[in-house]
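# Coordinate inspection notes
Listed below, chain by chain, are the residues.
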Amino acid sequence: MDIEKTLADLTLEEKAALVSGKHNWYTATIDRLDLPTLMMTDGPSGLRKQDPDAGANDLNNSVQAITYPAAALSASTWNQPLMHQLGEHLGAEARAEQVSLLLGPGVNLKRSPLGGRNFEYLSEDPLVAGKLGSAYVQGVQSQHVGVSVKHFAANNRENQRFTASSDMSQRTLRELYLRTFETIVKTAHPATLMTSYNKINGTLNSQNKRLLRGILRDEWGFHGAVMSDWGAVADHAAALRAGLDLEMPGKGQASIDEIIRAVETGELDEGTLDKAVRHMLHLLRDWEAAPQAGRYDHHAHHEFARKMADDGIVLLKNDDQELPLKPAAAGKVVIIGELADKPRYQGAGSSHVNPSELTTPLAALKDSGLNADYYPGYHLNEDETNDDLADQALAAAQDADHVIVFAGYPASAESEGFDKNSLMLPENQTDLIGSLAKVNAHTTVVLQNGSAVEMPWINTVAAVVETYLAGEAVGEATWDIITGKVNPSGHLAETFPLRLTDTPMAPTFGQDPHHEYYSEGIFMGYRYYDTHEMHVLFPFGHGLSYTTFEYTDLHVDGNARGATISFNVTNTGDVAGQAVPQLYVANHASHAPMPTKELRAFTKIAVAPGETKPVTLHLSRRDFSWWCERNHRWQADTGDYEIMVGASSRDMRLQTKLSMDFENSPAPVTSETYLTTIVQDPELLAIFKQTVIQPLANEGDGSGNPFVATDENGEAVALKDRMFLNMPLRAVVALGTSRQLIHHFIHEANQNR
């Protein structure tokens, strides 16, 4: 496709159609110019392509597909290559179904454990979410299927999500809530980003020009398309002016008519519309669907879903090596809990998938090698104790060698669209676990939940296994871990607090229907708990194994560009396992408030018994930086830092001091940068001449543009005139210089300095 020729051939009505969705899941088609339609579908943890005969709002009537673990469990793998493979599998499935855009991954941070959509998001930490999200995006797009990274940005609560404003400092926004998106945009180059429903500091994200143009495009260099979440656009013309390219799902002819009217009345400049259309044409050209439907091996993909779950399940507690239960030596085992028979294996809402091959824990028991009796113990759809079910379970537990109780939330308690109001399991389950632990000291709790839970019974049970929402292979994967067929290697990507009241936003989360106040600032998640030395139930990064690892021989080499950290990891146990070394940095150089430590690198390595493996991790200058609001830039300060390597944020094995000598880079160029700043910087001036003045001079139209007129030395007169020099770049447009040239200069200036 010749983008510019096609753009010139389009009528105003056709342009308006291209920036408006059609039939809920499609872009518009322009038959006259052979422009294809693109189909998109939900897909964070499985393909939710709606059945063609289903209604637009029938979320659960979708084609049969593989249900992979929810993001909460996938993130617990801390395994970037595996996340890339997940993307490859999803991309292949989407390609086979002739889907062009997969709506995912969801990468918003888990600010509060009450967040209703936490199961669909990766982590409370932007590095983990950014690295794993990038791998996922690269995997999907390697199959010639685009993604839509969501929800941009600061969408951390579900209640009143269409109208609430996420109010925070610029430092908080930059260091936490934008950083994940920045990492993915710069490293994985996603086809699209999806704007969220909420506002940031009072401005609706679908109409936030500073967010969509100033930061996303000018600073980060994003070249893809920006679409809205479904129904997130309040004013389509205003959204287009701000930098949105596609309103989804569109309002049919009404969307087209409002754009035509806005252009005809001057409310929307057609050149601005053309920018959005140009992005859409690139999308249509680059991500066209497969010409015909294909096939994939459902069972093989199911086995990969099992592998993902095996790699992510977290062994939270294992007193006196209660687990693994070897079938030949386990004795009499009793399984309790309706969730063993009717598991929670996926989230509700847009993540819902019609599973291809669901295997429940109870159904998978026969292949695990364990012999066990089953008792429901409770009804999942009830909160009160059923005495008959509970008494039967307790009687069986008294005579058992081991008790495995399955516990978690019903689907009605965790979903897109609303937030939770408690971290407690249903009362009947909480009471039952406490009672079981009293009659049998060998009680293991297997959790099926979307996010952190309170555990008042934690000190009375022998073991706790966190499976989150493990996908359609939940049955096989659960027994893989419990029997030791697979050595657990999952680590928490979020903190489990002791109590909801311990969270920094407990007094304010969801209290104001119009505003969500991020008063904790950058002190969210482990940054808060560790800085305040608070006891937690399980720390960020925590995860046990059936073997042990020793960390030794730390070496650090730093310079003005960053640092290289190397150390050894030895498996000191008698079974093979995977370690997740985590590198944290403590900033003692800056005068601004800083967390006690922040995660700056991680990896996952397989280590055989007795084997020692070297690990090398790299830190960039950015890893030592913080967002300085006064200077509007990332700032790295000269001084002392502490390098810490450990197995969680509370389990440090190695640490050392490091002195860094930084020379701070200049402030970023924005539309607010004055011409005098550009003239005084030889590097900036050279870029300005190349990207703005030279193209204007080549036009040679004699339009009177002050940058075209030159003096006897061939220099632009405007660059020596104090009146012009005292103007910001945004005002230069009024002198006849196109916005496109100015935006190109801003991008090149920030990319090349």
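Residues numbered from 1 in each chain as written. Predicted model: local features only at pLDDT ≥ 70, side-chain atom pairs only at ≥ 80, totals over all residues. Heavy atoms only, no water.

The name given to the chain in an unreviewed UniProt entry is Glycosyl hydrolase family 3, and the organism recorded there is Levilactobacillus spicheri. Here the chain is described in UniProt, under the heading Sequence similarities (unreviewed entry), as follows: "Belongs to the glycosyl hydrolase 3 family." (UniProt positions renumbered as here; feature names shortened; annotations may be inferred.)

### Remarks on unusual backbone geometry
With omega at 0 degrees, the peptide bond leading from Met248 into Pro249 counts as cis. Its place among the elements puts Pro249 in the loop between helix 9 (236-242) and helix 10 (253-265). With an omega of 5 degrees, the peptide bond running from Leu323 to Pro324 counts as cis. Examined against the element boundaries, Pro324 turns out to sit in the loop between strand 10 (314-318) and strand 11 (333-336). In this structure, Trp78 takes a positive phi of about 50 degrees despite not being glycine. Structurally, Trp78 is set in the loop between helix 3 (71-75) and helix 4 (80-96). Residue Trp78 is classed as buried on the basis of its relative accessible area, which comes to 1%. Backbone geometry places Glu533, a non-glycine residue, at a positive phi of 50 degrees. By secondary structure assignment, the location of Glu533 is in the loop between helix 17 (526-531) and strand 19 (536-538). For Glu533, a relative accessible area of 69% corresponds to the exposed category. (Helix = DSSP H or I, 4+ residues; strand = E, 2+ residues; numbered from the N terminus. Buried < 20%, exposed > 50% of the residue type's maximum accessible area, 1.4 Å probe, protein only.)

### Concerning the sheet that holds strand 7 (residues 199-200)
Pairing is mixed in the open sheet, where four strands are placed in the order 8-7-5-18. Each end of this open sheet is capped by a strand with a single partner; those strands are strand 8 (203-204) and strand 18 (515-517). One ladder, built from three bridges, connects strand 5 (residues 165-167) with strand 18; its direction is parallel. Across the sheet, the residue bridging to Asp167 is Tyr517, located in strand 18. (Pairing = 2+ DSSP bridges.)

### With respect to the sheet that holds strand 26 (residues 612-620)
Strands sit in the order 20-21-26 across an open sheet of three strands; the sheet is antiparallel. The sheet is open, and its two borders are formed by strand 20 (549-559) and strand 26, each paired with just one other strand. Each strand axis lies, on average, 15 degrees off the axis of its neighbour in the sheet, ignoring direction. Here strand 21 (residues 562-571) pairs with strand 26 via nine bridges, running antiparallel. Bridging across to strand 26, Gly562 finds its partner in Ser620. (Axes fitted to C-alpha atoms, helices over the stretch in contact; angles between N-to-C directions.)

### Quick notes on helix 4
With 17 residues, helix 4 should cover 24 Å at 1.5 Å per step; its first-to-last C-alpha distance of 24 Å lies within 8% of that length. At the N-terminal boundary of helix 4, the capping side chain belongs to Asn79, with an oxygen 3.1 Å from the backbone nitrogen of Leu82. Note on helix 4: the residue one or two positions beyond its end, Gln98, has a positive phi of about 60 degrees. (Expected span 1.5 Å × (residues − 1). Polar contact = N/O pair within 3.5 Å; in protein donor to acceptor, adjacent residues only side chain to side chain.)

### Here we look at the environment of Glu267
Mapped onto the elements, Glu267 comes out in the loop between helix 10 and helix 11 (270-286). Spatially, the C-alpha atoms of Glu267 and Ala237 are 7.3 Å apart, while their sequence positions differ by 30 residues. With residues up to four places along the chain from it excluded, the contact list for Glu267 reads Asp235, Ala237, Arg241 and Ala262. (Contact = heavy atoms within 4.5 Å.)

### Side note on the domain arrangement of the chain
For the chain, the assigned domains are domain 1 (306-515), domain 2 (549-660) and domain 3 (675-752). The distance between the C-alpha centroids of domain 1 and domain 2 comes to 33 Å. With five residues of domain 1 at the contact, the number on the domain 2 side is eight residues. Interface of domain 1 and domain 2: buried area, both sides summed, is about 460 Å²; carbon and sulfur atoms make up 37% of it. Viewed at the interface, domain 2 and domain 1 are joined by one salt bridge. Here Lys604 ties to Asp311 by a salt bridge, and the two come within 2.9 Å at their closest N and O atoms. (Domains from an automatic or database assignment. Buried area = accessible area lost by both parts, 1.4 Å probe. Salt bridge = Lys/Arg side-chain N within 4 Å of Asp/Glu carboxyl O.)

### What to know about the packing of aromatic side chains
A full pass over the atoms with the stated rule returns 19 aromatic pairs. Centroid distance Trp78 to Phe602: 5.1 Å. Interplanar angle 80 degrees. Geometry classified as edge-to-face. Of the two residues, Trp78 is situated in the loop between helix 3 and helix 4 and Phe602 in strand 24 (residues 598-602); the sequence distance between them amounts to 524 residues. Phe602 matches Trp78 in its accessibility class, with the two residues each being buried. (Phe/Tyr/Trp six-rings, centres within 6.5 Å; stacked < 30°, edge-to-face > 60°.)

### Considering the UniProt feature "domain: Fibronectin type III-like" (unreviewed entry) in the chain
UniProt annotation of "domain: Fibronectin type III-like" (unreviewed entry) refers to residues 579-649 when read in the numbering used here. Summarising residues 579-649: 0% helix, 59% strand, and an end-to-end C-alpha distance of 14 Å.

### A word on the pairing of strand 11
In strand 11, alternate side chains face the same way, and those of Val333 and Ile335 on one face and Val334 and Ile336 on the other are all buried. Where strand 11 lies against strand 13 (residues 372-375), four bridges are found, and the strand directions are parallel. When the bridges of strand 13 are listed, Val334 appears paired with Asp373. Bridge analysis of strand 11 against strand 14 (residues 402-408) gives four bridges, and the strand direction is parallel. Across the sheet, the residue bridging to Ile336 is Val405, located in strand 14.

### Some thoughts on helix 11
Look at helix 11: 24 Å from first C-alpha to last across 17 residues, which is about the 24 Å you get at 1.5 Å a residue. Thr272, Leu273, Asp274, Lys275, Ala276, Val277, His279, Met280, Leu281, Leu283 and Leu284 are the residues of helix 11 that are buried. Where helix 11 starts, the residue carrying a side-chain oxygen 2.8 Å from the main-chain nitrogen of Gly271 turns out to be Asp269.

### Observations regarding the side chain of Glu466
Among the structural elements, Glu466 can be located in strand 16 (residues 463-466). Buried charge without a salt bridge: Glu466, with Lys110 as the nearest opposite-charge side chain at an N-O distance of 9.4 Å. A distance of 2.7 Å separates a polar side-chain atom of Glu466 from the backbone nitrogen of Tyr468. In contact with Glu466, other than residues within four places in its own chain, are Ile313, Val314, Leu316, Leu447, Asn449 and Phe496. (Lys, Arg positive; Asp, Glu negative; His and termini not counted.)

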